[in-house]
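So the chains spell out like this:
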Amino acid sequence: MQKGKDKIIIGNWKMNPPTLKEAEMLFFNVRQGTSSIKKTEIVICPPFLYLEKLKSASRRNKKISLGAQDAFWEGGGAFTGEISGEMIYNLGTKYVILGHSERRALGETDMMVNKKIKASLAAGLTPILCVGEAARDESHSYFNLVKIQLEECLHGIKKDLISKVILAYEPVWAISSTPNRHDATSGDCREMAIFLRKILSDKFGSDASKMSIIYGGSVNEKDAFEFLKNGGIDGLLAGKASLDAKKFTEIIKICEASSK
Ligand code: PEP
C-alpha cells in the first residue's frame with residue numbers, strides 16, 4: 001500500500017440480483033451501513049440496467065461510486081448489444097471492470113481487453129483490469145502467464161495514464177464460481193502483488209507506483225483483514241460477499257479500520 005493512497009473496496013454484483021427492487025434494497029443497506037466511512041473508497045458494480053437508478057441513490061452518499069462490469073471499445077455505431085465507455089461515463093459512472101475471468105471464459109482475449117482499456121480511459125473511466133491464472137503449477141509457470149496477460153492488456157497505454165488503471169489480481173482457482181475452488185492465502189497474494197509491481201515499474205517507471213493493486217477471490221468478512229494486512233495490496237474486489245449487505249459492509253469497515 002503506497003503512502004497517501006486511499007484503500008478501495010469494490011463489489012462485483014455480476015448478473016445479480018434479479019430485480020431492480022432488490023438491487024435498490026441491497027444498495028440502500030450498504031449505503032446505510034457505511035455512512036460513517038471516511039477513508040475507504042467504495043465502488044459497487046451492478047448490472048448495466050441498474051446503473052442509472054442507483055446513480056440517483058448514490059448522490060446521498062458520495063463515498064459510494066458506481067462501476068460497470070464491461071465496456072465496448074467502439075464509441076458508437078452498429079454494434080448490437082454493446083455499451084460504450086462514453087455511455088457509461090455519461091451516466092455519471094466512474095469505474096469499469098475489464099477482463100474479468102468470467103468474460104475471458106466467454107472468449108474475451110487480452111487484445112480485446114487492451115482495446116477496451118484504451119477506449120475506457122479515453123472516455124474518462126477508471127478501468128479495473130482483472131488478471132489471474134487459472135491454476136498454479138509446481139514449476140511456477142503461472143507467473144509468466146500473468147505477466148503475458150498484464151503486458152498484452154496494457155500494451156500501448158501511455159505512462160501518464162497508467163496511474164488511472166486499478167489492477168485486480170484474481171486467481172481464477174480462488175473465485176467462488178470456480179468448481180473445486182480453493183482459498184488463496186495472503187502469502188499467495190503478496191508474492192503476486194510484488195511480482196506485478198515489478199513488471200509495472202519496469203514498463204511504466206515511477207508512474208506505476210501510483211497504481212492500486214487489489215485482490216479478489218472469494219474474499220469475505222473473515223479473511224479480509226488478513227489480505228489487507230499481509231497481502232501487499234491496496235484493497236479488495238468482492239463478488240459473492242458483495243451481494244450480502246451485512247458481509248460487504250463488514251469488509252468495508254475492516255478496511256477502514258486497517259487504514260488507521
Ligand atoms: C470476482 O469474480 O470478481 C470475485 C471476486 O468473485 P468472488 O468474490 O465471488 O470469488
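What comes next is a walk through the structure. These numbers come from a predicted model, not from an experiment. (Residues numbered from 1 in each chain as written. Predicted model: local features only at pLDDT ≥ 70, side-chain atom pairs only at ≥ 80, totals over all residues. Heavy atoms only, no water.)

With that settled, consider the site of the ligand. Surrounding the ligand, one finds 13 residues, the nearest of these being Lys14, His100, Ser176, Ser218 and Gly239. Against a free-state accessible area of 290 Å², the protein chains account for coverage of 100% of the ligand. (Near = heavy atom within 4 Å. Areas by Shrake-Rupley, 256 points an atom, 1.4 Å probe, with all protein chains shown as cover.)

Turning our eyes to something else, we now look at the nonpolar core. Ile117, Leu129, Leu154, Tyr215 and Leu236 are the most contacted members of the largest nonpolar core, which totals 65 residues. No other element matches the seven residues that helix 8 (residues 186-204) contributes to this core. Apart from the residues lying within four places of it in its own chain, the contact partners of Leu129 are Leu98, Arg104, Val113, Ile117, Leu150, Cys153, Leu154, Val165, Ile166, Leu167 and Ala168. (Core = buried A, V, L, I, M, F, W, Y, C linked by side-chain atoms within 4.5 Å. Buried < 20%, exposed > 50% of the residue type's maximum accessible area, 1.4 Å probe, protein only. Helix = DSSP H or I, 4+ residues; strand = E, 2+ residues; numbered from the N terminus. Contact = heavy atoms within 4.5 Å.)

Contact geometry of helix 1 (residues 20-33) with helix 2 (residues 48-58) gives a least axis separation of 10 Å together with a crossing angle of 30°. Classified by the interaxial angle, the pair formed by helix 1 and helix 2 is roughly parallel. The two elements helix 1 and helix 2 meet at a crossing, and its hand is right-handed. Only Tyr50, Lys53, Leu54, Ala57 and Ser58 of helix 2 make contact with helix 1, whose side of the interface consists of Leu20, Ala23, Glu24, Phe27 and Arg31. (Axes fitted to C-alpha atoms, helices over the stretch in contact; angles between N-to-C directions. Parallel < 35°, antiparallel > 145°, perpendicular 65-115°, else oblique. Left-handed = near helix turned anticlockwise from the far one by under 90°.)

On to the pattern of salt bridges, then. All chains considered together, the criterion is met by 16 salt bridges. Between Lys116 and Glu108 there is a salt bridge whose closest N-O contact spans 2.5 Å. In this structure, the salt-bridge partner of Asp207 is Lys210, at a minimum N-O distance of 3.2 Å. (Salt bridge = Lys/Arg side-chain N within 4 Å of Asp/Glu carboxyl O.)

Coordinates in, geometry out; function isn't part of it.
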